[in-house]
Amino acid sequence: MILYTIGFTKKTAKQFFEILKKNNVKKVIDIRLNNKSQLAGFSKGEDLQYFLHEIAGISYVHILMYAPTEDILKQYQKGEISWTEYQDKYLALLEKRKISETLEPVNLDGACLLCSEEHPDQCHRRLLAEYIQRHFRDIKIIHL
């Protein structure tokens, strides 16, 4: 099974949708805390759901349980905690929320975790994908 991840920052709408279509993504799982920001442009929640369906026949779901808390996110953005501390807090949050118990691998095959960060290195989408992979070893992660 393949689980993709993607960030929309520094991508045009054309680039974003072409990447998803080229990789035969079946579903986008939006894991952002806030998917309604005006800064999100084409990736604003309701608009993105429409575009994904109309342009590429891709389904969309926003799952807040996969997002960091506002407190954790703001602490990191303000430089109050390091990336390592953010990572530890986010992974502890996933455990506290019992995310592994809610996952069904069959629903993840061909799915793509979405957030805003351009690269996965310091992004919770990578952390979530690796968390999922630890619980379901037959999942291959591809960062788009």
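Rules of the game
Residues numbered from 1 in each chain as written. Predicted model: local features only at pLDDT ≥ 70, side-chain atom pairs only at ≥ 80, totals over all residues. Heavy atoms only, no water. Phe/Tyr/Trp six-rings, centres within 6.5 Å; stacked < 30°, edge-to-face > 60°. Buried < 20%, exposed > 50% of the residue type's maximum accessible area, 1.4 Å probe, protein only. Helix = DSSP H or I, 4+ residues; strand = E, 2+ residues; numbered from the N terminus. Contact = heavy atoms within 4.5 Å. Polar contact = N/O pair within 3.5 Å; in protein donor to acceptor, adjacent residues only side chain to side chain. Salt bridge = Lys/Arg side-chain N within 4 Å of Asp/Glu carboxyl O. Core = buried A, V, L, I, M, F, W, Y, C linked by side-chain atoms within 4.5 Å.

*Asks:* If you had to explain the packing of aromatic side chains to someone new, which residues and values would you point to?
*Replies:* Aromatic rings in a pair are described by how distant their centres are and how their planes are angled relative to each other. On inspection of all chains with the given rule, the structure shows seven aromatic pairs. Arranged with centres 5.6 Å apart and planes meeting at 65 degrees, the rings of Tyr76 and Trp83 form a pair that is edge-to-face. Among the residues examined, Tyr76 registers a relative accessible area of 25% and is labelled partly exposed. Residue classification places Trp83 among the buried positions, given a relative accessible area of 13%. On the numbers, 5.2 Å between centres and 25 degrees between planes, the contact of Trp83 with Tyr86 is stacked. Residue Trp83 and its partner Tyr86 are located together in helix α4 (residues 83-96), separated by three residues, close to a single helical turn. Residues Trp83 and Tyr86 agree in their burial class; the two are buried. Following the ring pairs from residue to residue traces out a cluster consisting of Phe16, Phe17, Tyr50 and Phe51.

*Asks:* Mind laying out the environment of Ile132, listing which residues take part and the relevant values?
*Replies:* Assignment of secondary structure puts Ile132 in helix α6 (residues 124-135). Among the residues examined, Ile132 registers a relative accessible area of 0% and is labelled buried. For Ile132 and Pro105, which are 27 residues apart along the polypeptide, the C-alpha to C-alpha distance reads 8.7 Å. When neighbours within four sequence positions are excluded, Ile132 is seen to be in contact with Leu3, Leu103, Leu108 and Ile139.

*Asks:* Explain the side chain of Asp30 to me, using residue names and the numbers behind them.
*Replies:* Tracing the backbone through its elements, the reader meets Asp30 in strand β2 (residues 27-30). The class for Asp30 is buried, based on a relative accessible area of 0%. There is a polar contact of 2.7 Å between the side chain of Asp30 and the side chain of Tyr60. Ignoring anything within four residues of it in the chain, the contact list for Asp30 reads Asn35, Tyr60, Val61, His62, Ile63 and Leu114.

*Asks:* Would you mind going over the pattern of salt bridges in detail, with residue names and values included?
*Replies:* Evaluated as defined, the whole model comprises five salt bridges. Two residues, Glu18 and Lys21, come together in a salt bridge whose shortest N-O distance is 3.6 Å. Of this pair, Glu18 and Lys21 both sit in helix α1 (residues 13-22), separated by three residues, roughly a single helical turn. Its relative accessible area of 41% is what places Glu18 among the partly exposed residues. Arg32 is paired through a salt bridge with Asp30; the nearest N and O atoms lie 2.6 Å apart. By relative accessible area, Arg32 is classed as buried at 5%.

*Asks:* Quick rundown of the nonpolar core? Include the residues and the values.
*Replies:* If you look at the biggest cluster of nonpolar residues, it comprises 26 residues, and the most contacted ones within it are Leu3, Leu128 and Ile132. If you list the elements that add at least two residues to this core, you get α4, β4 (111-115) and α6. Those residues in contact with Leu3 that sit more than four places away from it in its chain are Leu108, Ala111, Leu113, Ala129, Ile132, Ile139, Lys140, Ile141 and Ile142. Residues Ile6, Phe8, Leu20 and Val25 belong to the second largest nonpolar core, which totals 15 residues.

By themselves, these observations are geometric and do not establish any function.
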